[in-house]
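Examination of the molecular architecture
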Amino acid sequence: MQKTGSVISGKNSTTVWADMKPVIYASTDPGIIEREKEHCALARKICSEGIVLLENNGVLPLKTAKVALYGAGARHTAFGGTGSGENNPRYSVTVEEGLLNSGIDIISKSWLDEYDLLFAKEYGAYRKKLSKEIRKVPVAKRMDYAADNPFYLPAGRPVNAEDRCDSDTAVYVLSRQSGEGADRKDIPGDYYVTGDEKALMLSISEHYANMVLVINTGAVIDLGFLDEISFSAVVLLMQGGMETGNALADVLTGKVCPSGRLADTWARSYDDYPSSDTFSSRSPERFQEDYREGIFAGYRWFEKKNIKPRYPFGYGISYTEFKTEYLDTHISGTEIRVNAAVTNTGSIPGREVVMLFLSFPEIRLVREEKSLVSFAKTSLLEPGSSETVSLCFDLTDHAGFENDSSSFILEPGDYILTLNSSPVYILELGQETVTEKCKPLFASDRKISHILREKSPVRSYVLPRYQVDVSRIKTKTHKYEIPGFVSNQDIDEIVSRLTIKDMIHLTVGRTYFGPFRHRVFGAVGYTTSKLYRKGVDGMPMADGPQGINLTRISKKPVHNLFAVPTLPSAIRDTHRISKVGTAEEGKNGKTLYYQFCTSWPIETLVAQTWDVGLARKLGDAVGKEMLEYGVVFWLAPALNIHRNPLCGRNYEYYSEDPVLTGKIASAVTRGVQSHKGCFVTLKHFAANNLENGRIRSSSNLDERTLREIYLKAFRIALSESDAAAVMCSYNKINGTYTALNYDLQTNVLRNEWGFNGIVMTDWFATGHDESLDELCCKAGTDLIMPGHPLIPSKIMKAYRKGLITRDDIERSARRIIRLALESHTRSN
């Protein structure tokens, strides 16, 4: 690792840029280091642990060393989504390569070779057309335009008798891609399979006794074709990052016993989802997204409406069998611990997931049938061995929010604990209890007519029960005050040297115009380096959440006045952008710099592991790479809820459930921030559940729905991990842009939850329509990203007009200074 330059702090002199030498962290050695090997092995393990086995008649694990392989995803495997969540690893293993690496002989190479020619022809035509059309689109909208006009993979021709290979087993890889900037479409080639894909699958089933379906997607797709075509096994691979092919081969060959469980409900029909008729482009009113289903997102809807999905939330099978036995329940106040014994009753070592759900009485509030409150995953159990797992939660964390009283309440009645699918215990409350008293914050003039208002029939169980002592439940009454200044001796000393102009510059990102104190090739943004001589260093940022998104190979720029972020593939592929850092450039005497970051599985696949320990290891690995390459802020994890399967960025998010989302995200956060001076950025805060028209769309929902579903994961992650930063979303909530929403960024985030980090905008989320840059700090949004040279003057004008105060500006500046002083790059 090469580091040049030094930090000069504590001087009160005027900034002089000429002698400012940037710190470069990237390596000049392209060799594979031990860290890469360790992280690639971890990525492979996480992927294999998150793969979900949906169907299996015994064909898996494979009993043959010869397999016919078909489908677009065989060689053109989707490793992750597009947009800011992309990254650039040293390599990525396709499904074909993974099977070959495992010793499987692929005996359908002639079909695959023929498909490559078809792919090259159709993709070449697509690129040519898009490259021409995209030049007519404003630069700021090009990524969204490319996302809304995606390339749909050709299916390939049907298999015929001449293709029949010397094996009775075929693997078909169904692949889909999606990403930032546009929602998916409920059309063939996207949510549905095409006629050509169906014809290919049918032809395979006619020529092979065993056919394994591998689903290589970033989100839910329609599986209605399973009713017409018989598969011997169905494997949900999803998109596993750089080790996708190897991890799949581990599962198919039996090296790893599948233990993944679904993080979403897979419906039989798209129309079964409550928002199917109004989501995104189907909304009857443009830029208005009404959450008419209320709290009933995902499995909550299916169970309340008694709709049978194709595969329910939490579903997954194994190569072995398990028996889960309820042991006992321990209660201390409102803290509950349920113990269960899990025994491997099969013949193969494996892991099991145990889930604990809570059902509620319905007096005034219409509640879900059950809600996930805790989960655990066993270690690898040998056949015949057992393990005790404990599932813990606090009852008050699952109180319902009552809009009329602006309170979280526990209604009187029976609270039923269900272990996996078996009711095991009842907690009884004798009277209503208020757990939190808030004030109304998210009122809307728009009337939202909820489509589900019926309460469920009362169910009676003969189970052990416990009378909860409600006198021990103390009501927390929130106070809503203007937050004080972050203060300590170092911060106060620096602030004493800053002018109002200096502080304004701190609240605006450095955009891509330097100079920069830290040169991180492909960084998506920086805080300003303008004040480093006054003690405040710049902080580089890198996109996520599938890893650190940096440029893999770069050459040092001739000056330090401009930086290029890592561009999404849709932009790279449709512009004649030279590939910086080729071997030829190296021969010409240019120094090349290498940043080989790990490409992790997509967040949904990570959630499908149901393993907080693995999630923490992932975060720990990301933190190590941040230290290595000079990244201070990782723009991840992303915690938005899977409200509808067509959201273009679902691959970037964990689940339809806020508890699973919050627990996995908090584990990742603890891992990253175990490295001093490395910070995560929880995003996108909040109710960011679609991509089409995202910068003008208003998520319209009642306060209960917002708090119980769409804010809950953020609250869990912040309470359990103390994340350093939060990124607000593009959208409005009930007509107010999130970046300017004081109730969201200050009253909830700081006054109710006690958050003491910084809030930054999403990239270019402000400076348009009524989303004004100059009013961000007044709402509690501290940092405008990626920034622009003209924004500080806009803020200064607002200050002089009295629209914002010095305290508003200083409050944000101090928060940024605190993190700058704690950042790991400060001493370099």
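Owing to the predicted nature of the structure, the values given are computational and were not obtained by experimental measurement.

Cut-offs and rules
- Residues numbered from 1 in each chain as written.
- Predicted model: local features only at pLDDT ≥ 70, side-chain atom pairs only at ≥ 80, totals over all residues.
- Heavy atoms only, no water.
- Helix = DSSP H or I, 4+ residues; strand = E, 2+ residues; numbered from the N terminus.
- Contact = heavy atoms within 4.5 Å.
- Areas by Shrake-Rupley, 256 points an atom, 1.4 Å probe, with all protein chains shown as cover.
- Pairing = 2+ DSSP bridges.
- Axes fitted to C-alpha atoms, helices over the stretch in contact; angles between N-to-C directions.
- Parallel < 35°, antiparallel > 145°, perpendicular 65-115°, else oblique.
- Nonpolar A, V, L, I, M, F, W, Y, C, P; charged D, E, K, R; others polar.
- Core = buried A, V, L, I, M, F, W, Y, C linked by side-chain atoms within 4.5 Å.
- Buried < 20%, exposed > 50% of the residue type's maximum accessible area, 1.4 Å probe, protein only.
- Lys, Arg positive; Asp, Glu negative; His and termini not counted.
- Salt bridge = Lys/Arg side-chain N within 4 Å of Asp/Glu carboxyl O.
- Polar contact = N/O pair within 3.5 Å; in protein donor to acceptor, adjacent residues only side chain to side chain.
- Left-handed = near helix turned anticlockwise from the far one by under 90°.
- pLDDT = per-residue confidence, 0-100.

Summing up its helical and strand segments, the chain has 20 helices and 32 strands in all. Principal-axis analysis of the C-alpha atoms places the extent of the chain at approximately 80 × 80 × 50 Å. Across the chain, contacts joining residues at least 24 apart in sequence account for 80% of those joining residues at least 6 apart. With the model as given, the accessible surface of the chain reaches about 30600 Å², and the carbon-plus-sulfur share is 50%.

Another aspect to go through is the sheet that holds strand β11 (residues 353-359). The strand order across the open sheet built from five strands is β12-β11-β16-β17-β19, with neighbouring strands paired in mixed fashion. The sheet is open, and its two borders are formed by β12 (371-377) and β19 (465-467), each paired with just one other strand. Taking each pair of neighbouring strands and ignoring which way they run, the sheet shows an average axis angle of 20°. The sheet contact formed by strand β16 (residues 413-419) and strand β17 (residues 422-429) spans seven bridges and is antiparallel. Within β17, the residue paired with D414 across the bridge is E428.

Direction vectors running N to C along helix α15 (residues 703-710) and helix α16 (residues 712-721) enclose 45°, while the axes themselves pass 5 Å from each other. In terms of their interaxial angle, α15 and α16 are classed as oblique. On the side of α15, the interface is formed by R707, E708, I709 and Y710, while α16 contributes K712, A713 and F714. When the residues that make up the contact of α15 with α16 are grouped by side-chain class, the tally is four nonpolar, no polar and three charged.

Taken as a class, soluble globular proteins show a tendency for nonpolar side chains to be buried jointly. Core analysis: the biggest nonpolar cluster contains 198 residues, and L60, Y70 and L372 have the highest contact counts within it. Here this core takes eight residues from helix α3 (residues 109-134), the largest share from any one element. Aside from chain neighbours lying at most four places away, what touches L372 is Y299, F313, M355, L356, F357, H398, W610, D657, V659 and L660. Residues V524, F679, Y730 and M785 belong to the second largest nonpolar core, which totals 48 residues.

Along the chain, K712 falls in helix α16. Put simply, K712 is tucked away with no salt bridge, and the nearest opposite charge, on E368, sits 6.4 Å away. From its side chain, K712 meets the backbone oxygen of D397 in a polar contact 3.4 Å long.

In this section: the environment of V468. As for its placement among the helices and strands, V468 is situated in the loop between β19 and β20 (476-477). The exposure class of V468 is buried, given its relative accessible area of 3%. Dropping the residues within four chain positions of it, V468 is found in contact with G333, L427, E428, L429 and I473.

Within the fold, P258 resides in the loop between α6 (244-252) and β8 (288-290). Separated by 61 residues in sequence, P258 and Y319 have C-alpha atoms that sit 6.8 Å apart. Once you skip the residues sitting within four places of it in the chain, P258 turns out to touch I51, L53, V251, I317, S318 and Y319.

Attention now moves to the packing of helix α1 (residues 34-50) against helix α13 (residues 612-629). Between α1 and α13, the shortest axis-to-axis distance is 11 Å and the interhelical angle comes to 150°. Here α13 runs roughly antiparallel to α1, going by the angle between their axes. For α1 against α13, the interelement crossing comes out left-handed. In contact with R35, H39, L42, K45, I46 and E49 of α1, α13 contributes L614, K617, L618, A621, K624, E625, E628 and Y629. Of the residues contributing to the contact of α1 with α13, the split by class is six nonpolar, one polar and seven charged.

Here six strands make up an open sheet; going across it, the order is β2-β7-β6-β5-β3-β4 and the pairing mixed. A single partner strand is all that each edge strand has here, and the edge strands are β2 (52-56) and β4 (105-106). Alignment of strand β3 (residues 66-70) against strand β5 (residues 169-175), held across three bridges, turns out to be parallel. Residue pairing for β5: Y70 is matched across the bridge by Y172.

The buried fraction of β11 amounts to seven of the seven residues, a majority that puts the element mostly inside the structure. Residues of β11 alternate between two faces, with V353, M355, F357 and S359 on one and V354, L356 and L358 on the opposite face, all of them buried. Relative to β12, β11 runs antiparallel, the two sharing six bridges. Counted as the bridge partner of L358 is S371 from β12.

Further remarks concern the pattern of salt bridges. Under the definition given, this model contains 63 salt bridges. Residue R446 is joined to D290 by a salt bridge in which the shortest nitrogen-to-oxygen separation is 2.8 Å. Within this pair, whereas R446 is found in the loop between β18 (433-437) and β19, its partner D290 is found in strand β8, the two being separated by 156 residues in sequence. One salt bridge connects E303 with K370, and the closest N-O pair in it is separated by 3.6 Å.

Residues S407 and I409 of strand β15 (residues 407-410) are buried on one face, and the alternating residues F408 and L410, pointing to the opposite face, are buried as well. Note: strand β14 (residues 400-402) against β15, three bridges, orientation antiparallel. When the sheet's bridge partners are listed, F401 is paired in β15 with F408. Between the end of β14 and the start of β15, which pair antiparallel, lie four residues, with S406 showing a positive phi angle near 55°. As judged from the four bridges shared by β15 and β18, these two strands associate in the antiparallel manner. When the bridges of β18 are listed, F408 appears paired with E436.

At the junction of K683 and H684, the peptide bond is cis and its omega measures out at -10° in the coordinates. Relative to the elements of secondary structure, H684 occurs in strand β27 (residues 679-685). Cis geometry is adopted by the peptide bond preceding P786, which originates at M785 and carries an omega value of 0°. Positionally, P786 belongs in the loop between α18 (776-779) and α19 (791-800). Unusually for a residue other than glycine, N734 sits at a positive phi of about 50°. Position of N734 among the secondary structure elements: in the loop between β30 (732-733) and β31 (736-737). Positive phi, close to 65°, is recorded for F764, a residue that is not glycine. Note that F764 resides in the loop between β32 (758-760) and α18.

Right, let's get into the confidence of the model for the chain. Mean pLDDT over the chain stands at 93; residues scoring 70 or higher make up 94%. Contacts for the low-pLDDT stretch residues 1-18, under 50 throughout, to residues beyond four places or in other chains number 48 contacts. Note that pLDDT drops below 50 for residues 574-585; the model gives that stretch 22 contacts with residues more than four away or on any other chain.

Here we come to the environment of G73. You can see G73 is positioned in the loop between β3 and α2 (95-101). Residue classification places G73 among the buried residues on the basis of a relative accessible area of 0%. In the structure, G73 is positioned 102 residues away from S175 in sequence and 5.0 Å away in space, judged by C-alpha atoms. Setting aside chain neighbours within four positions, we find G73 in contact with V95, V173, S175 and N216.

On to the side chain of E362, then. By secondary structure assignment, the location of E362 is in the loop between β11 and β12. Within the structure, the side chain of E362 is placed 2.7 Å from the backbone nitrogen of R367, a separation counted as a polar contact. At 2.8 Å, the side chain of E362 forms a polar contact with the backbone nitrogen of S456. With residues up to four places along the chain from it excluded, the contact list for E362 reads K304, R367, E411, K455 and S456.

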